[in-house]
Amino acid sequence: MREFAERTLVPIITRDMERLIYTLCGIKKPRRILEIGTAIGYSAICYGFAAPEAEITTIEVRERSVYKARANIEEAGLKDRINVIHGKAEEILPDIEGYFDIIFIDAAKGQYRKFFDLCEKNMTHDTLIISDNVLYKGMPCDDSFIDERRNKTISRRMKDYLSFLSEDPRFETSLLAIGDGVALSYFK
Ligand SMILES: C[S@@+](CC[C@H](N)C(=O)[O-])C[C@H]1O[C@@H](n2cnc3c(N)ncnc32)[C@H](O)[C@@H]1O
């Protein structure tokens, strides 16, 4: 799958991030995981193997990716535990019910705050929120890394999201320099 993703330019989690998923799931032993941004199902499958008792719900907007993800998940033998929902996360999330042990945010980089807010109803004091790619190639830290106009907005929004995560007194957040930056947060 990693080779396919590299060949077809589908962005998937880095190997470091994959190791972190195994470590965190080994400690936390999650039973319900919510993922925003499935792509071809690589990280969902990682969660499936790293958390053998977990039911995983994952949301993807691109129809072709949904088909590919479902095929990969079936091939991995995980179709009974991973449910791929097709649609825009901002439209699907309001109807997602119940609490999750892990919420993994890995979709449109300019919309993390919106995704987070829509998931708040699904968080408890035990929920671990993992936000991937928060350093966005260094752009939120240093404007000179911003290469195109569109990235300026994304970078500003990611900066605001990181400020929210670190300043909101309800959450405790650590930023790790793994992959393209990952934020680990939980309700205090
Ligand atoms: C970085 S990729 C996800 C990679 C995947 N988590 C992995 O590591 O295997 C981001 C995915 O989010 C999807 N996406 C972007 N905006 C979305 C939205 N608003 N709702 C649902 N999916 C979205 C994209 O189509 C893309 O497939």
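Preceding this paragraph is the structure being described.
Since we're looking at a predicted model, the values are computed, not measured.

## Here we look at the side chain of Asp168
Link 1 in the chain: With respect to the element layout, Asp168 can be found in the loop between helix H7 (149–167) and strand E6 (171–176).
Link 2 in the chain: At a separation of 2.9 Å, a polar atom in the side chain of Asp168 contacts the main-chain amide nitrogen of Arg170.

## A look at the packing of aromatic side chains
Link 1 in the chain: Counted according to the given criterion, the structure contains eight aromatic pairs.
Link 2 in the chain: Between Phe116 and Phe171 the ring centres are 5.0 Å apart and the planes differ by 85°, which places this aromatic pair in the edge-to-face class. Of the two residues, Phe116 sits in helix H6 (residues 112–119) while Phe171 sits in strand E6, which places them 55 residues apart along the sequence. Neither residue differs from the other here; Phe116 and Phe171 are each classed as buried.
Link 3 in the chain: Clustering of aromatic rings is evident, with ring pairs tying together Tyr112, Phe116, Tyr161, Phe164, Phe171 and Phe187.
Link 4 in the chain: Over the ring of Phe4 we find Lys68; its NZ or CZ atom is 4.4 Å from the centre of that ring.
Link 5 in the chain: Just above the ring of Phe164 sits the side chain of Arg113; from NZ or CZ to the centre is 3.6 Å.

Criteria and thresholds
- Per chain, the residues get numbers from 1 upward, laid out in the order the sequence is written.
- Note on the predicted model: pLDDT of at least 70 is required for a residue's local features to be given, and 80 or more for side-chain atom pairs to be given and counted; whole-chain, interface and lining totals, by contrast, use all residues.
- Excluded from the side-chain calculation are hydrogens and water; included are all heavy atoms of the structure.
- We count a stretch as a helix when DSSP gives it H or I for four or more residues in a row; a strand needs E for two or more, and each element gets its number in order from the N terminus.
- Polar contacts, as used here, are pairs of N or O atoms within 3.5 Å; protein pairs need one atom able to donate a hydrogen and one able to accept it. Residues neighboring in sequence count only if both atoms are side-chain atoms.
- For Phe, Tyr and Trp, rings pair up if their centres lie within 6.5 Å, where Trp contributes its six-membered ring, and each pair is then called stacked (planes under 30 degrees apart), edge-to-face (over 60) or tilted (otherwise).
- Summary of the burial criterion: residues with accessible area below 20% of their type's maximum are buried, those above 50% are exposed, and those between are partly exposed, where the area comes from a 1.4 Å probe applied to protein chains only.
- Charges are assigned to positions over rings by a cutoff of 6 Å between ring centre and Lys NZ or Arg CZ, combined with an angular limit of 35 degrees from the ring normal.

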